[in-house]
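Structural features, examined
Below are the chains, spelled out letter by letter.
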Amino acid sequence: MKIGVIGTGHVGLVACVTYAEMGHQVVGVDVDEERVDQLGRGIAPFFEPGLVELLQRHLAGGSLSFSTAIADAVRGAEVVFICVGTPSRATGEANLLAVERVAREVAVHSDQAAGGRLVLVQKSTVPAGTATRVRRALRMANRDAGARVSVASNPEFLREGQAIRDSLEPDRILVGADSVYAFEAMRRLYKSLIDNGTEYIETDVPTAELAKHASNAFLALKISYANALARLCERSGADVTRVADIMGSDPRIGRAFLDAGMGYGGFCFPKDLQAFEHLSDSLGYDFPLLREVARLNNEALVATLTKIKEGVWNLEDKRVALLGLSFKPGTDDVRFAPALELAQRLLDEGATVVGYDPQAMTNAKQEVPGLELAADPYEAASGAHCLVLCTQWPEFRDLDLHHLRRVMTDPLVVDGRNLFDARQMAAAGFLYFSVGRPPGGLEIDLRDVGETQQADASS
Ligand code: UGA
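Residues numbered from 1 in each chain as written. Predicted model: local features only at pLDDT ≥ 70, side-chain atom pairs only at ≥ 80, totals over all residues. Heavy atoms only, no water.

In the region of the ligand, 21 residues are neighbours, and Leu158, Glu160, Lys212, Asn216 and Cys268 sit closest. Measuring from an oxygen atom of the ligand, one finds a backbone N or O atom of leucine 158 at 2.7 Å. At 2.9 Å from an oxygen atom of the ligand is found a main-chain nitrogen or oxygen belonging to aspartate 259. Considered on its own, the ligand offers 720 Å² of accessible surface; in the complex 91% of this is hidden by protein. Here the element with the most residues in the shell around the ligand is helix H11 (residues 205-236); it accounts for four residues. In terms of residue class, the shell around the ligand is built from 10 nonpolar, three polar and eight charged. (Near = heavy atom within 4 Å. Polar contact = N/O pair within 3.5 Å; in protein donor to acceptor, adjacent residues only side chain to side chain. Areas by Shrake-Rupley, 256 points an atom, 1.4 Å probe, with all protein chains shown as cover. Helix = DSSP H or I, 4+ residues; strand = E, 2+ residues; numbered from the N terminus. Nonpolar A, V, L, I, M, F, W, Y, C, P; charged D, E, K, R; others polar.)

Structure follows, in structure tokens:
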């Protein structure tokens, strides 16, 4: 099947390589000439495990190509995906200008689609009702396109960092459409995954559109619930990770997305939550729960900042090391990363901030120019008065705690993701703050730390 994919960001590029992997002929389109040029040479614009390998393999095999012209994506295609960005406007509303532009241009070229018929599929996350607007834009740009093009919705549920696996082995595939033709074409497109037993859900377009926003908002709600519990646990002496385990042992609740921390980030949850709230408002339904989820997320970041201040006392003259700068492990994406929000707030309050991340340092420096970068975790910790674990990259679990403490000026660790074990941190001589867990390292006082250090030094 020939497929066009318009927009080669995280969703679009992953779609390009995974549809090629499923055996389709794919043309990816982007307005960014430099990006298209690099993609054509097998260079990926962001880090995603397995992406470069698939990109290079299918470029070499001839089943994948890139262009700046939408006409190239439509010519001979049966299905064209819209994967362009839908950023937030200042009001929180999703900005759908790029979606409209793509729809209008697809309309102009629609007579070149295979057999003169096309399914135009919205893949980027959009508010319910967008397909109706897309249909209208198609007709405005080209009256005949109204008859030739079926509009469908196929929301993407992939997670950054495991996007290739999520696309080739998804939990479910969701297709919203309103014509037999569109449903049939989408079933052929996903045939290999359907044959492998992947759950395949067909529904109407508004339901598919709303289900995506509803899913992301619910996941964000689970995280904020865990973070609110963490505040309560810190006051009551309970352990939020154990509370989450116990809650999660009830299959009706589930353990996933109940990890308290510094809050959620990334380009999806913060933006989608705002857009969902805006959609709800525009439909005349007040949904204050969504505002509360966002407020609790900010509270989680403030709680981390408060612990740092509690530990170091005054921030001026202090050096704070941040481990992990991406919004979550496994990606170099720093958009709305809690680590960078924290870095900026620390800088604003007069601290020197040095960061280390296995993948995201270049992106982080662009976002927060005042941030110093270190070559490894120990260099970041060197001379620091406080070390903050912001993103739980697995390699941080294996840090040599004694070495870390020796290079730091003050033995203070604020663990924003509950990566470390409180008793081990105490044993290594740290004053240790984590999220929603009982003191552990907090029980030691600094005189004990001094004694441990002397003992270490003499051994
Ligand atoms: C999210 C959804 O999980 C995907 O299903 C969806 O397709 C995607 O948004 C999207 O709309 O495109 P993603 O943004 O890649 O995927 O990241 P997640 O793995 O969901 O993590 C989001 C944030 O929540 C991260 O900052 C993570 O650290 C945080 N998080 C996650 C927690 O703080 N606690 C948890 O228990 C889980």
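Locating serine 153 in the fold gives a position in strand S6 (residues 149-153). If sequence neighbours within four positions are ignored, serine 153 has contacts with Val121, Gln122, Leu174, Val175, Gly176, Val205, Ala208 and Glu209. (Contact = heavy atoms within 4.5 Å.)

Its side-chain oxygen placed 3.1 Å from the backbone nitrogen of glutamate 34, aspartate 32 serves as the N-cap of helix H2 (residues 33-40). Backbone geometry just after H2 places glycine 42 at a positive phi near 85°.

Turning to the pattern of salt bridges, a few remarks are in order. Close approach of charged atoms allows side chains of opposite charge to pair. The full count for this structure, using the stated rule, is 28 salt bridges. A salt bridge links aspartate 72 to arginine 75, with the shortest nitrogen-to-oxygen separation between them at 3.2 Å. Note on arginine 75: relative accessible area 41%, which makes it partly exposed. Salt bridges here are not isolated pairs; linked through shared partners, they connect Arg242, Asp245, Arg255 and Asp259. (Salt bridge = Lys/Arg side-chain N within 4 Å of Asp/Glu carboxyl O. Buried < 20%, exposed > 50% of the residue type's maximum accessible area, 1.4 Å probe, protein only.)

Here the focus is the nonpolar core. Residues Leu322, Leu342, Leu346, Val388 and Phe420 are the most contacted members of the largest nonpolar core, which totals 55 residues. Element by element, the count of residues in this core is highest for helix H15 (residues 338-348), at five residues. Here valine 388 is in contact with Thr304, Ile308, Val320, Ala321, Leu322, Leu323, Leu342 and Val414, once residues within four sequence places are set aside. (Core = buried A, V, L, I, M, F, W, Y, C linked by side-chain atoms within 4.5 Å.)

Okay, the confidence of the model for the protein chain next. Looking at the protein chain as a whole, its pLDDT mean stands at 93, while 95% of the residues score no less than 70. Across residues 441-459, where pLDDT falls below 50, the model places 23 contacts with residues more than four positions away in sequence or in other chains. (pLDDT = per-residue confidence, 0-100.)

Further remarks concern the pairing of strand S13 (residues 412-415). Neither face of S13 is exposed, since Leu412 and Val414 on one face and Val413 and Asp415 on the opposite face are all buried. Once you follow strand S12 (residues 386-389) into helix H18 (residues 401-407) and on to S13, the crossover reads as right-handed. Pairing of S13 with strand S14 (residues 431-433) involves three bridges; the strand directions are parallel. Along S14, the bridge assignment pairs leucine 412 with leucine 431. For the handedness criterion, the β-α-β arrangement of S13, helix H19 (residues 422-427) and S14 is classed as right-handed. (Right-handed = clockwise from strand over helix to strand, strands pointing away. Pairing = 2+ DSSP bridges.)

Pairing is parallel in the open sheet, where six strands are placed in the order S11-S10-S9-S12-S13-S14. A strand with exactly one partner marks an edge of an open sheet, and here the two such strands are strand S11 (372-373) and S14. Examined bridge by bridge, S12 and S13 share three bridges and lie parallel to one another. Paired with leucine 389 across the bridge in S13 is aspartate 415. Sitting on the sheet, helix H14 (residues 288-312) is in contact with S12, S13 and S14, with an inclination near 170° to S13. Of the strands in this sheet, strand S9 (319-323), strand S10 (352-356) and S12 are in contact with H15, which crosses S9 at around 175°. (Axes fitted to C-alpha atoms, helices over the stretch in contact; angles between N-to-C directions.)

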